There are 2 protein chains.
Amino acid sequence: MENFTYHNPTRIVFGKNTIGKLAKLVPADVKVLLLYGGGSIFKNGVHEACRKALEKHTVIEFGGIEANPDYATCMKAVELARREQVGFLLSVGGGSVLDGTKFIAAAIPFKGEPWDILEKNAKISAATPLASVLTLPATGSEANSFSVISRRETRQKLAFGNPLVYPVFSILDPETTYSLDARQTANGVVDAFVHCMEQYMTYPVDAPLQDRQAEAVIQTLIEEGPKVMAHPHDYVVRANIMWACTCALNGSLALGVPQDWATHMIGHELTAFFGIDHARTLAVVLPSLLRQQKAGKQAKLLQFARRIWGITTPDENQAIEEGIQRMEAFFQSLGVPTRLSDHHVKLADALPIAERLGKGPALGERGDITGATIAAILTRAE
Amino acid sequence: MENFTYHNPTRIVFGKNTIGKLAKLVPADVKVLLLYGGGSIFKNGVHEACRKALEKHTVIEFGGIEANPDYATCMKAVELARREQVGFLLSVGGGSVLDGTKFIAAAIPFKGEPWDILEKNAKISAATPLASVLTLPATGSEANSFSVISRRETRQKLAFGNPLVYPVFSILDPETTYSLDARQTANGVVDAFVHCMEQYMTYPVDAPLQDRQAEAVIQTLIEEGPKVMAHPHDYVVRANIMWACTCALNGSLALGVPQDWATHMIGHELTAFFGIDHARTLAVVLPSLLRQQKAGKQAKLLQFARRIWGITTPDENQAIEEGIQRMEAFFQSLGVPTRLSDHHVKLADALPIAERLGKGPALGERGDITGATIAAILTRAE
C-alpha cells in the first residue's frame, strides 16, 4: 500500500425529506446564489422545496448550466456572483450543475483569467463556499473536490481539483431521482461503475481492503442497476444507487492504490468532439482500454472476472475476456452502447483525439498510454 | 436504508515516515500538550520522532494514561492543561490514550463536574482541539468522535461521543506498530472485527453496499490477522491491519443501518468488574450474544456464514452455528479465548453485570436485550 492522506470534509445528509434541512445548513448571514440546470427542478418539486427551506435567506438564482457545463455559461454566473456579492453557492441538480458551481466558486475570487485554473493548473488560494442538493446520482461530485468544465468554442473538456471546492454539505434525497429518465439513470450507473474501475483496475499493491471496497460498490451497481431500470420509483433501489454513486468517487477507493484515469481522459475528448453523453463515452472506451492494456492489468483483470462475475474458466486469458464481455453486456443491458459506431462516429474522425492527447503526458497507472496506445484503443472501440 | 448524516472531518495521514508531518499539522501559535501512556513511545522511537517534528513548537507532556483510561488520571491532565493554558492536545499512543485525550479535550472548558459528560450525558459546547499519532490499531478512535472512560473507584466504564472531539488529524504510520506484542496485536484485530459485527449483525434493511463494506473489513481482518501474528515486522500486513481497524469504526459502516452495541456494553462491564482486556471481553460476549439473539439476527447470521466463511451447509440453523464456531476459532487462533472460564471468572460473579445493565434501557438493535437476556448471554459464555 502506498502512503496517502485523506480528508473529506463534506457533510452528507442522506434520505427522504431532507431538503428542509437547508434552512439550518445554509448560512443566514450572506447572500446565496442558487444554481441549476435545464429546469427539471421546477417540474419535480425540488426548486419549490429548496426555496421553502430558504424562505428566510436572501437568495438569487442562476439557471441554464448545461450538461458538460460550459466555460462561457459559468463565467456569466461568476459575473453575477461578483456583482451581487454572493457569499454562498448552492448547486441544485446533478453533477454538471455541481461541477459548474465548483468552478464558479473558484473563479469568483480568482485574479486573472479563470480558464487558467483548468488549462494551466493555476493556483487557487480561495473559493466561495458551496454546497449541493443532488438530484442525479452519477459523478460523485457531491463528495469530492473535482470538477470538469467544457469549452465548446475550442472543443476542450478539462478537469481541476482543489480541497477548497469540497461541498460544505450535500443533501441526497433519493426521492428527487424518481423523475430521472431511463437514459439519465443508466448513464449514472455506468459513470459510477467506471469510476470504481479507474481506481481498482490497475496492478495489485497488496491493498486487499481497498480492492474489496471497490468490489463492494461495483457489485452493488450490478445488482441494483437492472432493478432501478425496472422500478424507477422504488425508494430502496434509488437509495442504493445514490449511495453507491457517492461511494464510488468520494476518494476512499483511491487511498494508497495506483489509479488509471485514461478512460475518463479519452472519454472527455469524445464528448468534446462529438457531444456524446459523458457516461456513454466511458462505456465505449473502457472495454477497449482493458483489452489493449491487458498485460499490465492481468492480475486485477483476473480478480475482476473471478470475484465480480464468478467466472471459473481455468484459462486465465479466456476468463479475463469473459469478464470484459460480461461488463459490456451489463452496460448494454442498461441501454448504453459500447462501440464508436453505435454513436455513428467514424474511426478516422476519432483518431485526432489520439493526436491531441498524445501531446500531453502519457496516461495510465504506469504512464504508458501514449498517443499510439490511444489510437489502438479507439481502433478496438470502432 | 434509513436516513443518515455523515461528517467525518478527521484528516488521515497514512504511511511510512509520516510523523515528521506534525511540524506543519500542529498549530504553532498555541501551547501543545503531548499525552501518552505507559511509556512504550520512548522505546520504539515514536516520542523522539514527535519531539523532533515539534522542535519549534511549545510542548509540555503528560504521561501515564493507562489502558482503559481512568477518570482520575484524565482529571490530572485537565488540571495541567487548564493551568498551562494549553491550546492543542496531541495523543501519542493507542486508543486508550486517545480516548483519554478526547475526554480531557471536552473536560478542559467544561463548567461543572466533567464526569457528568459520561454519566449524565451532559451537553458539551466546546472542546480543546486534539489530534493523534496512532501506535496501536484497534479502536478506530483515530477517526471517530467517541471515547470510553473508566472510573475504577466505582467500577464504571462509560462512553460519550461528540463531533467536537473528532481528531483534527490522525497520523497512522504502520511501522510504529512493529513493536506491539502478540497480545496487543491480536486484541486489536478482535476489537476491529467486533466493531464491524456490531454495525453489520442486526437485521437487513436493504442496504447491500453497507453490508459488503462491512464484509470487506471483516474478510481483510480474517486474512491479515494470522499473517500479522506470524510476521509482525511485515509492513504490508501491518498497513492492512491498521487501515482495516480505522475503516471498521470511522462511522461509514453504520450509515443508514441498525446497530447493536450490546457486546461492547456488556464487555465494558467485564473490564470494569474483572480487569479483562477490552477486546478479550468482546470475544467472550459476541458468540454467546449471537446464539442468544439468533432469531432476530437470522438473516444476517446466515449471510455471515455463507459470504464470510463460505459455509454451504443447506440447513440454515446448522450453517449459522458453524459460522459462529468459525468466528470463535478465528479468535482462538489469535490467542484470544472466548469463555468466561478462560479468564477464571465464575458465572455467579458475572451475573451482577446483568443486574446493573438491566436497570438501564434495554440494548440491541430492537431494544430487546434486557437484564434477563444479558444473564442468559453470560450463562452461555460461562
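It should be emphasised that the depicted structure is a prediction, and the values quoted were computed from it without experimental measurement. (Residues numbered from 1 in each chain as written. Chains lettered and ligands numbered in written order. Predicted model: local features only at pLDDT ≥ 70, side-chain atom pairs only at ≥ 80, totals over all residues. Heavy atoms only, no water.)

Student: Help me get a handle on the overall build of chain A, residues and values and all.
Tutor: Helix and strand counts for chain A come out as 15 helices and 9 strands. Radius of gyration (C-alpha) of chain A: 20 Å, near the 21 Å computed for a compact globule of 382 residues. A principal-axis box enclosing the C-alpha atoms of chain A has dimensions of 65 × 45 × 45 Å. Across the 382 residues of chain A, 61% fall into the buried class. Here the analysis covers contacts within chain A between residues at least 6 apart in sequence; of these, 78% occur between residues at least 24 apart. A total of about 14200 Å² of accessible surface is found on chain A, and carbon and sulfur atoms cover 51% of it. Counting 38 positive and 40 negative side-chain charges, chain A places the averaged centre of each group 4 Å from the other. (Helix = DSSP H or I, 4+ residues; strand = E, 2+ residues; numbered from the N terminus. Rg over C-alpha atoms; globule rule 2.2 N^0.38 Å. Buried < 20%, exposed > 50% of the residue type's maximum accessible area, 1.4 Å probe, protein only. Contact = heavy atoms within 4.5 Å. Areas by Shrake-Rupley, 256 points an atom, 1.4 Å probe, with all protein chains shown as cover. Lys, Arg positive; Asp, Glu negative; His and termini not counted. Charge placed at Lys NZ, Arg CZ, Asp CG, Glu CD.)

Student: I'd like to hear about helix α15 (residues 371-380) of chain B, residue by residue, with values.
Tutor: Residues and elements named next belong to chain B. Regarding α15, the residues found buried are Gly-371, Thr-373, Ile-374, Ile-377 and Leu-378. In an axial view of α15, the angular spread of the buried residues amounts to 155°, which keeps them on one side of the axis. Tucked into the core, α15 has its buried residues touching α10 (262-274), α11 (278-292) and α14 (347-358). (Arc of directions from axis to C-beta.)

Student: Provide a residue-level description of the packing of aromatic side chains, including the pertinent values.
Tutor: As enumerated under the stated definition, the model contains 26 aromatic pairs over all chains in all. Measuring from centroid to centroid gives 4.9 Å for Phe-14 of chain A and Phe-4 of chain B, while their planes differ by 5°, and the two rings are stacked. Taken together, the residues span two chains, with Phe-14 of chain A in strand β2 (residues 11-14) and Phe-4 of chain B in strand β1 (residues 4-6). Neither residue differs from the other here; Phe-14 of chain A and Phe-4 of chain B are each classed as buried. Residues Phe-193 of chain B and Phe-331 of chain B carry aromatic rings whose centres are separated by 5.3 Å and whose planes lie at 85° to one another, so their mutual orientation is edge-to-face. Highlighted residues: Phe-193 of chain B in helix α7 (residues 182-200) and Phe-331 of chain B in helix α13 (residues 316-333), separated in sequence by 138 residues. As far as burial versus exposure is concerned, Phe-193 of chain B and Phe-331 of chain B are alike and both buried. Put simply, the rings of Tyr-71, Phe-103, Trp-115 and Phe-160 of chain A touch in pairs and so form one group of aromatic residues. (Phe/Tyr/Trp six-rings, centres within 6.5 Å; stacked < 30°, edge-to-face > 60°.)

Student: Any chance you could break down the sheet that holds strand β5 (residues 88-93) of chain B for me, citing the residues and the numbers?
Tutor: Pairing is mixed across the open sheet formed by 7 strands, whose spatial order is β1(A)-β2(B)-β9(B)-β6(B)-β5(B)-β3(B)-β4(B). In this open sheet, the two strands that pair with only one neighbour each are β1 (4-6) of chain A together with β4 (59-62) of chain B. Between one strand axis and the next, the sheet turns through 15° on average, direction left out of account. Inspection of the sheet shows β1 of chain A paired to strand β2 (residues 11-14) of chain B by 3 bridges, in the antiparallel sense. Bridge assignment links Tyr-6 of chain A to a residue of β2 of chain B, and that residue is Ile-12 of chain B. Helix α5 (residues 95-107) of chain B contacts β3 (32-35), β5 and β6 (130-134) of chain B of the sheet and is inclined by roughly 165° relative to β5 of chain B. Contacting β1 of chain A together with β2, β6 and β9 (169-172) of chain B, helix α9 (residues 235-248) of chain B crosses the sheet at an angle of about 170° to β2 of chain B. (Pairing = 2+ DSSP bridges. Axes fitted to C-alpha atoms, helices over the stretch in contact; angles between N-to-C directions.)

Student: So what's going on with empty space enclosed by the protein? Which residues, and what values?
Tutor: Tallying each qualifying case throughout the model produces 3 cavities of 30 Å³ or more. Elements represented by at least two residues in the lining of the largest cavity include exactly α8 (208-230) and α9 (235-248) of chain A together with α8 (208-230) and α9 of chain B. For the lining of the largest cavity, a count of residues per class yields 16 nonpolar, 13 polar and no charged. Its volume calculated, the second largest cavity comes out at about 60 Å³. (1 Å grid on protein atoms, 1.4 Å probe; cavity = no way out; pocket = protein on both sides within 12 Å on 5 of 7 lines; lining within 4 Å. Points joined across faces, edges and corners; volume = space filled by probe spheres on them. Nonpolar A, V, L, I, M, F, W, Y, C, P; charged D, E, K, R; others polar.)

Student: An account of the interface of chain A and chain B is needed here, citing residue identities and associated values.
Tutor: Taken together, the contacts link 38 residues of chain A with 38 residues of chain B. The junction of chain A with chain B conceals about 3200 Å² of combined surface from both sides, 57% of it contributed by carbon and sulfur atoms. Between Glu-223 of chain A and Arg-212 of chain B there is a salt bridge; the shortest N-O distance is 2.5 Å. Counting across the chain A and chain B interface gives 14 residue pairs in polar contact (both at pLDDT 80 or more). For the side of chain A that touches chain B, the secondary structure elements donating two or more residues are β1, β2, α8 and α9 of chain A. The element contributing the most residues to the side of chain A that touches chain B is α8 of chain A, with 11 residues. When grouped by side-chain class, the residues that make up the side of chain A that touches chain B number 19 nonpolar, 12 polar and 7 charged. (Buried area = accessible area lost by both parts, 1.4 Å probe. Salt bridge = Lys/Arg side-chain N within 4 Å of Asp/Glu carboxyl O. Polar contact = N/O pair within 3.5 Å; in protein donor to acceptor, adjacent residues only side chain to side chain.)

Student: Quick rundown of the sheet that holds strand β9 (residues 169-172) of chain A? Include the residues and the values.
Tutor: Either a parallel or an antiparallel arrangement is found when strands of a sheet pair, and the pairing is made through backbone hydrogen bonds. Within the open sheet, the 7 strands sit side by side as β4(A)-β3(A)-β5(A)-β6(A)-β9(A)-β2(A)-β1(B). Their pairing is mixed. Two strands lie at the open edges of the sheet, namely β4 (59-62) of chain A together with β1 of chain B, each paired on one side alone. The mean angle between the axes of side-by-side strands here comes to 15°, regardless of whether they run parallel or antiparallel. Sheet topology places strand β3 (residues 32-35) of chain A next to strand β5 (residues 88-93) of chain A; 4 bridges connect them, and they run parallel. Bridge assignment links Leu-33 of chain A to a residue of β5 of chain A, and that residue is Leu-89 of chain A. Contacts from helix α3 (residues 46-53) of chain A reach β3, β4, β5 and β6 (130-134) of chain A within the one sheet, and its direction differs from that of β4 of chain A by about 155°. Packed onto the sheet, helix α4 (residues 71-83) of chain A meets β3 and β4 of chain A and runs at close to 160° relative to β4 of chain A.

Student: Any chance you could break down the pattern of salt bridges for me, citing the residues and the numbers?
Tutor: Within this structure, the stated rule accounts for 32 salt bridges over all chains. Among the ionic pairs, Asp-260 of chain B bridges to Lys-297 of chain B, the shortest N-O distance being 2.8 Å. Of this pair, Asp-260 of chain B sits in the loop between α9 and α10 while Lys-297 of chain B is found in helix α12 (residues 294-308), placing the two residues 37 residues apart along the sequence. Take Lys-297 of chain B: its relative accessible area is 1%, and that puts it in the buried class. Put simply, Arg-183, Asp-277 and Arg-280 of chain A are held in one network by salt bridges that share partners.

Student: Lay out the confidence of the model for chain A in plain terms, naming residues and giving numbers.
Tutor: Scored by pLDDT, chain A has a mean of 97; 100% of the residues are at 70 or more. Taken together, the chains of this predicted complex give a pTM of 0.97 and an interface ipTM of 0.96. (pLDDT = per-residue confidence, 0-100.)

Student: Please provide a residue-by-residue account of unusual backbone geometry, values included.
Tutor: You will see that Arg-155 of chain A, though not glycine, has its phi angle at about 55°, which is positive. By the element assignment, Arg-155 of chain A lies in the loop between β7 (146-151) and β8 (156-161). Backbone geometry at Asn-68 of chain B places phi at a positive 50°, although glycine is not the residue there. With respect to the secondary-structure elements, Asn-68 of chain B resides in the loop between β4 and α4 (71-83).

Student: Residues and numbers for the environment of Pro-226 of chain B, please.
Tutor: All names here are of chain B. Here Pro-226 lies in helix α8. For Pro-226, a relative accessible area of 40% gives the class partly exposed. Each C-alpha atom of the pair Pro-226 and Val-189 lies 9.7 Å from the other, and the pair is 37 residues apart in sequence. Those residues in contact with Pro-226 that sit more than four places away from it in its chain are Leu-221, Phe-330 and Leu-334.

Student: Give me the lowdown on the relation of the copies chain A and chain B, citing residues and values where you can.
Tutor: Placing chain A over chain B gives an RMSD of 0.0 Å and needs a rotation angle of 180°, together with 0.0 Å of translation along the axis. Read as a symmetry element, the transformation amounts to a two-fold axis. Among all residues of chain A, the one whose C-alpha sits closest to the rotation axis is Pro-9 of chain A, at a distance of 2.5 Å. Taken together, the interface assignments show that 100% of the residues at the interface of chain A recur at the interface of chain B, consistent with an identical surface on both copies. (Least-squares fit on C-alpha atoms with pLDDT ≥ 70 in both.)

Student: Tell me about the pairing of β2 of chain B, and please be specific about residues and values.
Tutor: By the bridge criterion, 4 bridges tie β2 of chain B to β9 of chain B in an arrangement that is parallel. Bridging across to β9 of chain B, Phe-14 of chain B finds its partner in Leu-172 of chain B.

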